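Okay, here's what each chain looks like letter by letter:
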Amino acid sequence: MFLPFFDALRKTGLPVSLREFLSFLEAMQADLVTYDVEAFYYLARVTLVKDERNIDKFDRAFAAAFSGLETISKDVVLEAVDITPEWLEKMAEKHLTAAEKAEIEALGGFDKLMETLKKRLEEQKGRHQGGNKWIGTAGTSPFGAYGYNPEGVRIGQDSSRHQRAIKVWDKREFKNLDDTVELGTRNIKVALKRLRRWARDGANDELDLNGTIRATAEHGYLDVKTRPERRNAVKVLLFLDVGGSMDAHVKVVEELFSAARAEFKYMEYFYFHNCLYEGVWRDNRRRWDAQVLTHEVLRTYGSDYKCIFVGDASMSPYEVAYSGGASEHWNAESGATWLARACDQWPSTLWINPVPEKYWPYTQSIAMIQEVIGPEAMVPMTLEGLSRGMKSLTR
């Protein structure tokens, strides 16, 4: 019965293997979850998803495979579900108020409750809209969509309207972790953690647990050992394109900048416009009267720095290839010349492009910059692209 679910997972591109699917079936056969949709969801996710970037794909496949459960024949439901009075009593103790329990008892106990449930399933022949009883839409029933109930279960509705549902069947909480979407600050930090080179420095303020155990065993008394705190020793030089077509990407670049400053202890940053030329700056308000010569930057920061350019690389081809081609000033040397110098000085160079990768072939300047820095050195600003870029910088 779960083969359509497995097929839906594969169609969404989730890399689930037959072995993982068999593990899921074994867990179901062992009755690890019973009559609990939420527990079933988490059991399926923990057995079938091995990478958090694929959680959104799983959510979409899960919703597609198990949507429309209310349309299943009532006879099939009643034959398949074996709910014991003991289980109902435990759930009542957990969820029902004293008044609700009294109301149920007034109906004649749980046997009467089950009879009422069966009767309601038999009476509801199809889709229902409005009202306060059936599973449907636009009513006050606690089940369905586009209606109102103080506490209900939202089924098949694309967004919340009253923020009152206590359960949402198809809510996707992890869609920003899909490795094909643009990044948020949290996702950027996850990707930047791949660019790490740990070193121990600073004061002896961290407990050395292994050293303490070893010294205590050797000396016969508690011998506490400390060691310098472990820090990320990688050095990063960040060049940020500002103005013009980059205005559309300000938010995501700000998030990248914020995440990088939080992640890297040794990071220097400069701004440029469109392409690297003879001058860069640290303060956009003083870009014309407080520039730093690019030659000085090349001399100051050694080849052990990781150089990262952030920009859409979208400009006139003349700005890359010709002297005097810059849009805002006369450049004595072409942008390609300065980019080549940067690549020579910092062999670990990366260009992060916020433009979706599928549009790159339509912009000539992107191809020209790739030719200078190398086609593999430009990555899209997605979780997958940034992870790929951080991996290339560690080589």
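Residues numbered from 1 in each chain as written. Predicted model: local features only at pLDDT ≥ 70, side-chain atom pairs only at ≥ 80, totals over all residues. Heavy atoms only, no water.

Comments concerning the confidence of the model for the protein
Looking at the protein as a whole, its pLDDT mean stands at 75, while 63% of the residues score no less than 70. Contacts from residues 132-170, a stretch scored under 50 in pLDDT, to residues over four places away or in other chains number 82 contacts. Low pLDDT (under 50) marks residues 173-182, which in the prediction has 30 contacts with non-local residues, meaning those over four places away or in another chain. (pLDDT = per-residue confidence, 0-100. Contact = heavy atoms within 4.5 Å.)

Notes on the packing of helix α3 (residues 37-48) against helix α4 (residues 55-66)
Packing of α3 against α4 leaves a shortest axis separation of 11 Å and a crossing angle of 130°. Taken together, α3 and α4 sit at an angle that is classed as oblique. α3 and α4 meet at a crossing whose hand is right-handed. Listed contacts from α4 to Phe40, Tyr41, Ala44, Arg45 and Leu48 of α3 are Ile55, Phe58, Asp59, Phe62 and Phe66. Taken together, the residues of the contact of α3 with α4 break down into eight nonpolar, no polar and two charged. (Axes fitted to C-alpha atoms, helices over the stretch in contact; angles between N-to-C directions. Helix = DSSP H or I, 4+ residues; strand = E, 2+ residues; numbered from the N terminus. Parallel < 35°, antiparallel > 145°, perpendicular 65-115°, else oblique. Left-handed = near helix turned anticlockwise from the far one by under 90°. Nonpolar A, V, L, I, M, F, W, Y, C, P; charged D, E, K, R; others polar.)

Examining the pattern of salt bridges
In this structure the tally under the stated criterion is nine salt bridges. One salt bridge in this structure joins Asp56 and Arg60, with 3.2 Å as the shortest N-O distance. One end of the pair, Asp56, and the other, Arg60, are both in helix α4, four residues apart, so they sit about a helical turn from each other. For the salt bridge of Glu384 with Arg388, the shortest nitrogen-to-oxygen distance reads 3.0 Å. Here Glu384 pairs with Arg388, and both are found in helix α16 (residues 383-393), just four residues apart, close to one helical turn. Assessed through its relative accessible area of 30%, Glu384 is described here as partly exposed. Relative accessible area serves as the criterion here: at 29%, Arg388 is assigned to the partly exposed category. (Salt bridge = Lys/Arg side-chain N within 4 Å of Asp/Glu carboxyl O. Buried < 20%, exposed > 50% of the residue type's maximum accessible area, 1.4 Å probe, protein only.)

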